[in-house]
Every structure is written in structure tokens, then in C-alpha cells.
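Chain by chain, the residues:
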Amino acid sequence: MLLIASCVTDRDANALSESAADGRAFAQANCASCHALEDGVSPNPNAPSLRRAAKRLPDWAIEASFERGVQIGHSMEMPAFVFEDGDIANLLAYLETLKEKD
């Protein structure tokens, strides 16, 4: 049973585009301390999962928030954040894959 589950997980990871995979890695490194990446329970009870946030907010609002340093819905506990070249595009690509999963 575990072997089957690992094969499905590997296939799902390989199905991501390079940009979305980089976005997922970025989210894991920078967002997962507060936000669940998929639909799990977020470590911070006030932080929605990234999938829920991606489905709730329009693309333009998410992109604009990233460009301003992640401001939408974040309180003072959100650390200051500066994106490097390509980070926003990669993260948006990953969030798009979260919206597509049902």
C-alpha cells in the first residue's frame, strides 16, 4: 500500500512544470511555517492553506500583493519579504496548480 502511495506522490510531483515545482519549493521554504501548502491544517491557525487562498483571491490581487511584498491578509506577524527574480512567477505557477486540483 505504501509503495502505491509513493508512486502516486512521485507522479504528482513530476507533473508540475519546472516553474510550478520551483514555486512549490519556494512556498515550502518560505510560507509553510504558517500556511499549509495544500488543504491541510496550517501551522498558524489564522493562516489559510495556500490552496484556499489561491481559490479565494483573484490572480491580479495575489500578484499585486506579491509585488508589494505580500500584504493582503497579513498581520504584523508576517515578516518583511523581498522576492528575487522569478520567485513571483514561480509561486503564481504553483498556486495555479492548486486551483486546478479538485
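Here goes a summary of the coordinates provided.

Here is what the cut-offs are and how they apply
Residues numbered from 1 in each chain as written. Predicted model: local features only at pLDDT ≥ 70, side-chain atom pairs only at ≥ 80, totals over all residues. Heavy atoms only, no water. Helix = DSSP H or I, 4+ residues; strand = E, 2+ residues; numbered from the N terminus. Buried < 20%, exposed > 50% of the residue type's maximum accessible area, 1.4 Å probe, protein only. Areas by Shrake-Rupley, 256 points an atom, 1.4 Å probe, with all protein chains shown as cover. Polar contact = N/O pair within 3.5 Å; in protein donor to acceptor, adjacent residues only side chain to side chain. Contact = heavy atoms within 4.5 Å. Axes fitted to C-alpha atoms, helices over the stretch in contact; angles between N-to-C directions. Parallel < 35°, antiparallel > 145°, perpendicular 65-115°, else oblique. Left-handed = near helix turned anticlockwise from the far one by under 90°. Nonpolar A, V, L, I, M, F, W, Y, C, P; charged D, E, K, R; others polar.

## Overview of the overall build of the chain
Within the chain one finds five helices and zero strands. Its helices and strands taken in sequence order, the chain reads α-α-α-α-α from the N to the C terminus. Per-residue burial over the chain gives 34% buried out of 102 residues. Accessible surface for the chain amounts to roughly 6800 Å². Of this, 57% is attributable to carbon and sulfur atoms.

## Things to note about the side chain of Ser42
Along the chain, the position of Ser42 falls in the loop between helix H2 (18–30) and helix H3 (50–56). Residue class for Ser42 comes out buried when judged on its relative accessible area of 9%. Within the structure, the side chain of Ser42 is placed 2.9 Å from the backbone nitrogen of Ala36, a separation counted as a polar contact. A polar contact is formed between the side chain of Ser42 and the backbone oxygen of Ala47, at a distance of 2.7 Å. When neighbours within four sequence positions are excluded, Ser42 is seen to be in contact with Cys34, His35, Ala36, Ala47, Pro48 and Ser49.

## Some points on the packing of helix H4 (residues 59–67) against helix H5 (residues 87–100)
Remark: H4 packs on H5, axes separated minimally by 11 Å, with the N-to-C direction vectors making an angle of 150°. Accordingly, the angle class assigned to the pair H4 and H5 is roughly antiparallel. The two elements H4 and H5 meet at a crossing, and its hand is right-handed. From H4, Asp59, Ile62, Glu63, Phe66 and Glu67 reach across to H5, where they touch Ile88, Leu91, Leu92, Leu95, Glu96 and Lys99. Taken together, the residues of the contact of H4 with H5 sort by class into six nonpolar, no polar and five charged.

## Quick notes on H4
Every buried residue of H4 is listed here: Ala61, Ile62, Ala64, Ser65 and Phe66. Each element contacted by the buried residues of H4 is listed here: H3 and H5.

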